[in-house]
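One letter stands for each residue in the lines below.
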Amino acid sequence: MAVSLSGQLVVAISSRALFDFEQENLLFDQGAGDRAYMKHQLKRLDEPAKPGVAFSLVRKLLAFNSPDQQRVEVVILSRNDPVSGMRVFRSARHYGLPIQRGVFTRGESPYRYLRPLRAHLFLSANEADVRSALLEGVPAARVLPHSAHAGEAHPREVRIAFDGDAVLFSDEAEQVYQSSGLDAFQLHEQERAAKPLPAGPFKPLLQALHDLQQRGQALGEEGGMRIRTALVTARSAPAHERAIRTLMDWDIEVDEAMFLGGLPKGEFLREFEPDFFFDDQTGHVDGAAPHVPAGHVMSGVSNAIIETLG
């Protein structure tokens, strides 16, 4: 019988997002080259790498699996060389992470392997790989390796926070805000309150998380892993209504919604204690990073403006 990942939530993650390889990465930044990096990793083959920024998210998602049911698959998708990949797998085994699959491309972009994996999420510290993944229609974010790590307060609960526009939803409304200002944005959304927003790049991930939660509830599982989601947006009333109605139209529920009207998100996220937070604006991601694990979703008009300025 052929092996298939069908029906599973598939997360593809780079080794640098899962583990703390920042010291090793300095070899590249200092121009030492991939052979020096490989030699360095080989010397430390039996030394487990420290957990990275997405470690908590991966560990908790894998806890949805049981000996008789595989619901989540995590695959290492890395620019590392195969020799360095041995340390990645050994580190995963050290922490009890049942990760079996990996693709190591020695400097080449690995994003093209997301299609055969049918990944629901790709996390990487490499900006070009994340952009390529998003263009392929895969929910993807550039992790900030310096982000705070998730806490231990919710061991049986995966907590994920999402921005709205250009993340869960399209950037349709954000384009109005960028071109015409806040008043025009509020009027635009109020007039279209009953019209669902088009889906954004992370709607498939939210759907997959919703399905994962629903399957557990359908089986009547008690005391198992749970998922708690939050919408954390700069929207405020009356523009909040369209966001809520869009989720209702998708038949997807979020557990918490924060309509902050432009207030800094970091301290609110600190109280929610997510295992990961996704936002399209660098200011919001940078503001969240001292408090929670954070990733930049490089999509929408805000990022087009950044590219133009760059």
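Look a little higher up for the structure.
The model shown is predicted, which means the values in this text are computed figures rather than measured ones.

Trainee: Outline the overall build of the chain, listing residues and values.
Mentor: Each helix and strand in the chain was counted, giving 14 helices and 12 strands. For a compact globule of 310 residues, the expected C-alpha radius of gyration is about 19 Å, and the chain comes in at 20 Å, within 12% of that figure. Dimensions of the chain, computed from C-alpha atoms along their principal axes, come out at roughly 60 × 50 × 35 Å. Going through the 310 residues of the chain one by one, you find that 50% of them count as buried. Partitioning the contacts of the chain with sequence separation of at least 6, the portion at a separation of at least 24 is 75%. Summed over all atoms, the accessible surface of the chain reaches about 14500 Å², with 49% contributed by carbon and sulfur. Across the chain, the centroid of the 33 positively charged side chains sits 7 Å from that of the 41 negatively charged ones.

Trainee: So, the pairing of strand E7 (residues 140–143): which residues are in play, and what are the values?
Mentor: Looking at chain direction, strand E6 (residues 121–124) and E7 are connected through 3 bridges and run parallel. Bridge assignment links Phe 122 to a residue of E7, and that residue is Ala 140. Since E6 and E7 lie parallel, the crossover through helix H7 (residues 127–135) that links them has a hand, and here it is right-handed.

Trainee: So what's going on with H7? Residues and values would help.
Mentor: Within the sequence span of H7, burial applies to Asp 129, Val 130, Ala 133 and Leu 134. Buried residues of H7 fall within an arc of 135° about the axis and therefore sit on the same side. In this structure, the buried residues of H7 make contact with helix H6 (114–117), E6, E7 and strand E12 (294–296). Of the residues flanking the start of H7, the one acting as N-cap is Asn 126, its side-chain oxygen 3.1 Å from the backbone nitrogen of Ala 128.

Trainee: Go over unusual backbone geometry with me, naming the residues and quoting the values.
Mentor: Along the chain, Ala 237 connects to Pro 238 via a cis peptide bond; the corresponding omega equals 5°. When you line up the elements, Pro 238 lands in the loop between strand E9 (226–233) and helix H11 (240–250). For Asp 251, which is not glycine, the phi torsion reads 60° and is therefore positive. With respect to the helices and strands, the residue Asp 251 is situated in the loop between H11 and strand E10 (256–259). Positive phi outside glycine occurs at Glu 273, with the angle close to 60°. With respect to the helices and strands, Glu 273 occurs in the loop between helix H12 (266–272) and strand E11 (276–279). For Glu 273, a relative accessible area of 35% translates into the label partly exposed.

Trainee: Tell me what's going on with the nonpolar core, and back it up with residues and numbers.
Mentor: Counting 68 residues, the largest nonpolar core has Ile 13, Leu 18, Ile 99, Leu 123, Phe 162, Phe 202 and Phe 278 as the members making the most contacts within it. Each residue touching Ile 99, except ones within four places of it in the same chain, is listed here: Leu 18, Val 58, Leu 62, Val 74, Ile 76, Phe 89 and Ala 92. Residues Leu 144, Met 258, Val 285 and Ala 294 belong to the second largest nonpolar core, which totals 14 residues.

Trainee: Pulling in residues and values, what's your account of the side chain of Lys 60?
Mentor: Following the sequence through the fold, Lys 60 ends up in helix H4 (residues 55–62). Setting aside residues up to four positions removed in sequence, Lys 60 forms contacts with His 154, Pro 155, Glu 157, Val 158, Met 225 and Asp 275.

Trainee: Could you give an account of the pairing of strand E4 (residues 72–78), with specific residues and numbers?
Mentor: For E4, a buried count of 7 out of 7 residues is recorded, marking the element as mostly surrounded by other parts of the structure. By the alternation rule, side chains of E4 split into Val 72, Val 74, Ile 76 and Ser 78 and Glu 73, Val 75 and Leu 77, which are all buried. As paired strands, strand E1 (residues 9–13) and E4 are joined by 5 bridges and run parallel to one another. Note on E4: the bridge partner recorded for Ala 12 is Val 75. Examined bridge by bridge, E4 and strand E5 (residues 101–104) share 4 bridges and lie parallel to one another.

About the thresholds
- Starting from 1, residues in each chain are numbered consecutively following that chain's sequence as written.
- Two thresholds apply to this predicted model, a pLDDT of at least 70 for residue-level local features and 80 or more for giving and counting side-chain atom pairs, whereas whole-chain, interface and lining totals are computed over all residues.
- Hydrogens are left out, water is left out, and the side-chain values use all remaining heavy atoms of the structure.
- By the criteria applied, helices consist of DSSP H or I runs no shorter than four residues and strands consist of E runs no shorter than two, each listed in order from the N terminus.
- Only C-alpha atoms enter the radius of gyration; for comparison, a globular chain is expected to reach 2.2 Å times N to the power 0.38, where N is the number of residues.
- Categorising residues by exposure relies on relative accessible area from a 1.4 Å probe, with only protein chains included: less than 20% of the type maximum marks a residue as buried, more than 50% marks it as exposed, and the intermediate range marks it as partly exposed.
- Any two residues whose heavy atoms approach within 4.5 Å at even a single point are treated as in contact.
- Only the protein chains shown count as cover for residues, and the accessible areas themselves come from Shrake-Rupley with a 1.4 Å probe.
- In this count, Lys and Arg are taken as positive residues and Asp and Glu as negative ones, while His and the chain termini are left out.
- Charged groups are reduced to one reference atom each: NZ for lysine, CZ for arginine, CG for aspartic acid, CD for glutamic acid.
- Whether two strands pair comes down to DSSP finding at least two bridges between them.
- The crossover handedness rule: strands pointing away from the viewer, path from first strand over the helix to second strand clockwise, crossover right-handed.
- Throughout, the arc means the angular range of directions from the helix axis out to the C-beta atoms.
- Any N or O atom pair separated by 3.5 Å or less is treated as a polar contact, with the protein-specific requirement of one donor-capable and one acceptor-capable atom, and with residues adjacent in sequence counted only for side-chain atom pairs.
- Put simply, buried Ala, Val, Leu, Ile, Met, Phe, Trp, Tyr and Cys residues joined by side-chain atoms within 4.5 Å make one nonpolar core.

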